[in-house]
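Residue-level structural notes
Residue-level listing of the chains:
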Amino acid sequence: MSCEESAIKVVKFILNVVEKRLPIKRGEIMGAMNDGFATNKTYPEVMVRVEHHLAKTFGYAIQDVMVKNTKSYIVVPKNITSHLVMPPGKWPEVTLLYLTLTYIFMKGGKVAENTLWRFLGTLNISQEERSDGIFRNANKLLTETFVKQLYLVREKDYEEGGDADFVIQYSWGPRSEFELSKKAVLDYVAQVLKRPARSFILQYRELYGAPASSRDGESSQAAPSSLIPL
């Protein structure tokens, strides 16, 4: 079989696992290749063809990520969007994830776990598992599923000078950075709160690199956490 045929096999493998949104290891890709092409020498050529087919035919891009100090890959939409792209029927998960990512971004990029749950509680999203309702197992999604899919980073943040005292912090994972536009998030919040986007100083500066007050002669003193006062 040719290098092209081996690339097609890898593309089929990726398309079969892409909906799980889990990182793909190099060994898994090697295993999907034809035996004669699963070598370090031929791997780069096969992957060039794989990336071409995924981009041209399916609108996907492959991005390198580090997972537990191991190089892996994630498959993401070729172009960043204003919304998260997930399979049909996943809108409760998409809604929870979007709310979480929006809150994290508007709180400065990192949020303590207890603070996040207080915010979600105001939206009637419970940390406890429920037998009814839309968000039946939000806790598992936030602590396991979205973390494994690299939408969220959940890590211990130790207090200075202490090894025992820590808080669990959430931040955007690499998949979110590739799939969701922070500009769209800021525009959405500004629209909901009926305020100019430049009034959110830290977020505006992160996106545009210039002080928000430099435009239109306005001086904005709004706190970056104005999405929800928690």
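What counts, and where the lines are drawn
Residues numbered from 1 in each chain as written. Predicted model: local features only at pLDDT ≥ 70, side-chain atom pairs only at ≥ 80, totals over all residues. Heavy atoms only, no water. Core = buried A, V, L, I, M, F, W, Y, C linked by side-chain atoms within 4.5 Å. Buried < 20%, exposed > 50% of the residue type's maximum accessible area, 1.4 Å probe, protein only. Helix = DSSP H or I, 4+ residues; strand = E, 2+ residues; numbered from the N terminus. Contact = heavy atoms within 4.5 Å. Phe/Tyr/Trp six-rings, centres within 6.5 Å; stacked < 30°, edge-to-face > 60°. Lys NZ or Arg CZ within 6 Å of the ring centre and 35° of its normal. pLDDT = per-residue confidence, 0-100.

Comments concerning the nonpolar core
With 34 residues, the main nonpolar core has Leu84, Leu96, Leu116, Leu120, Leu142, Phe146 and Leu152 as its most contacted residues. Broken down by element, the residue count for this core peaks at nine residues, all from helix 4 (residues 91-106). Dropping the residues within four chain positions of it, Phe146 is found in contact with Glu93, Leu96, Leu97, Leu141, Tyr151 and Leu152. The next biggest cluster of nonpolar side chains, apart from the first, holds 19 residues, and it includes Cys3, Ile29, Val46 and Val50.

Remarks on the packing of aromatic side chains
Counted under the stated rule, the structure contains six aromatic pairs. Judged by centre distance (6.5 Å) and plane angle (85 degrees), the rings of Phe146 and Tyr151 are edge-to-face. By the burial criterion, Phe146 is buried, and Tyr151 matches it. Here the aromatic rings of Tyr158 and Phe166 are separated by 5.4 Å at their centres, their planes lie at 55 degrees, and the arrangement is tilted. On the basis of relative accessibility, which here comes to 41%, the residue Tyr158 falls in the partly exposed class. For Phe166, a relative accessible area of 36% corresponds to the partly exposed category. If you follow Lys182 out to its NZ or CZ, it ends over the ring of Trp172, 5.0 Å from the centre. The ring of Phe200 has Arg195 sitting right over it, with the charged end atom 4.4 Å from the ring centre.

Notes on the confidence of the model for the protein
Of all residues in the protein, 83% attain a pLDDT of 70 or more, and the chain-wide mean is 85. Confidence, expressed as mean pLDDT per element, reaches its minimum in the protein at helix 2 (residues 26-32) with 90 and its maximum at strand 4 (residues 111-112) with 96. Here residues 214-230 scores under 50 on pLDDT; set against residues more than four positions off or in separate chains, the count is 37 contacts.

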